[in-house]
Amino acid sequence: MSQTPLMPKATAVWLVENTSLTFEQIAEFCKLHPLEVRGIADGEVAAGIKGLDPITSGQLTREELERAAKNPNHHLKLAERKVKVPEIKRTKGPRYTPVSKRQDRPNAILWLLRNHPELKDAQVIRLIGTTKSTIAQIRDRTHWNAQSLTPIDPVSLGLCSQIDLDFEVGRASKDRPAALAEAGSTLLTVEEAIAPEPARNESQPFADMSRPKREEEAAIDVDSVFAKLKQLKRPADEDDDEG
């Protein structure tokens, strides 16, 4: 038997609005991410979803709810169902998106392309349930509604969960260091960072024009000053000898 409520997000909305349970308790019971539950409490996630009472739906007993409210460390457990509902096995393929939310997919795709460019097209398809041609049109700005698109987080739109998004981003980031190494965008080693700068090549007279040469100028100024002093001193010495 599945340990997930029938309508987890609607159940989470009701628990946030009508109980004093912690975000972690609600997230564990509804199989959501704690950040999703916090977003529900802030009104940023599931804004248009009506709460579902898990007690009247037979998914949770009142005694179990009161026990969890008194003990923040208590883990909620689903009540035994009187009617067994067969589990739905998810088949491989793009994620199904409700008709009411399909118009939001281009905005979610644009958000993913801007904030997570490391994601592959196949990952975006799994997250949102779109097509590769649509992703290419939005990336190339050839989509029929490209001028009106606004990047919106797919989690806030309800197109995917924060857990799925973090999972796909984590998978994509594993391949990213290797790609950077191939492109030559690597960090300097400790020896390279502390190594002295090479001497300036005389064949490139404009290589170090941006650097001040105060020491050289100071040395030249000192020599000229001493030369002038010697010239002034010689006439004075000759006058003393004549006297």
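Residues numbered from 1 in each chain as written. Predicted model: local features only at pLDDT ≥ 70, side-chain atom pairs only at ≥ 80, totals over all residues. Heavy atoms only, no water.

## Examining the overall build of the protein chain
Okay, so step 1: In terms of regular secondary structure, the protein chain is built from 11 helices and zero strands.
Okay, so step 2: With 243 residues in all, the protein chain has 30% of them scored as buried.
Okay, so step 3: For the protein chain, the proportion of contacts with a sequence separation of at least 24, taken over those separated by at least 6, is 65%.
Okay, so step 4: Surface accessibility of the protein chain: about 17,600 Å² in total, with carbon and sulfur atoms responsible for 54%. (Helix = DSSP H or I, 4+ residues; strand = E, 2+ residues; numbered from the N terminus. Buried < 20%, exposed > 50% of the residue type's maximum accessible area, 1.4 Å probe, protein only. Contact = heavy atoms within 4.5 Å. Areas by Shrake-Rupley, 256 points an atom, 1.4 Å probe, with all protein chains shown as cover.)

## Focus: the pattern of salt bridges
Okay, so step 1: Considering all chains together, one arrives at four salt bridges under this definition.
Okay, so step 2: Here Glu-36 and Lys-9 are joined by a salt bridge, their closest N and O atoms 3.7 Å apart. Note that Glu-36 is positioned in helix 3 (residues 34-42) and Lys-9 in helix 1 (residues 8-18), a separation of 27 residues in sequence.
Okay, so step 3: The closest approach of N and O atoms between Glu-168 and Arg-126, which form a salt bridge, is 3.1 Å. With Glu-168 in helix 9 (residues 162-183) and Arg-126 in helix 6 (residues 121-128), this pair connects stretches of sequence that are 42 residues apart.
Okay, so step 4: Assessed through its relative accessible area of 7%, Glu-168 is described here as buried.
Okay, so step 5: Residue class for Arg-126 comes out partly exposed when judged on its relative accessible area of 32%. (Salt bridge = Lys/Arg side-chain N within 4 Å of Asp/Glu carboxyl O.)

## A closer look at helix 4 (residues 62-70)
Okay, so step 1: Among the residues of helix 4, Glu-64, Leu-65 and Ala-68 are the ones counted as buried. Buried residues of helix 4, seen end-on, are gathered within an arc of 100° and therefore sit on one face of the element. Exposed residues on helix 4 whose side chains face more than 90 degrees from its buried face are Glu-63 and Lys-70.
Okay, so step 2: Against the buried residues of helix 4 lie helix 1 and helix 2 (23-30). (Arc of directions from axis to C-beta.)

## Comments concerning the nonpolar core
Okay, so step 1: Counting residues in hydrophobic clusters, the biggest one holds 21 residues, and the most contacted among them are Ile-109, Leu-112, Leu-119, Val-124, Leu-127, Ile-128 and Leu-165.
Okay, so step 2: Ranked by residues supplied to this core, first place goes to helix 5 (residues 105-115) with six residues.
Okay, so step 3: Counting 20 residues, the second largest nonpolar core, distinct from the first, contains Leu-15, Ile-26, Phe-29 and Leu-65. (Core = buried A, V, L, I, M, F, W, Y, C linked by side-chain atoms within 4.5 Å.)

## Describing the packing of helix 1 against helix 3
Okay, so step 1: Look at helix 1 against helix 3: their axes get within 10 Å of each other, and the N-to-C directions meet at 60°. By the criterion of interaxial angle, the relationship of helix 1 to helix 3 is oblique. Helix 3 is crossed by helix 1, and the crossing has right-handed handedness. Contacts between helix 1 and helix 3 pair Lys-9, Ala-12, Val-13 and Val-16 from the former with Glu-36, Val-37, Ile-40 and Ala-41 from the latter.
Okay, so step 2: Tallied by class, the residues present in the contact of helix 1 with helix 3 amount to six nonpolar, no polar and two charged. (Axes fitted to C-alpha atoms, helices over the stretch in contact; angles between N-to-C directions. Parallel < 35°, antiparallel > 145°, perpendicular 65-115°, else oblique. Left-handed = near helix turned anticlockwise from the far one by under 90°. Nonpolar A, V, L, I, M, F, W, Y, C, P; charged D, E, K, R; others polar.)

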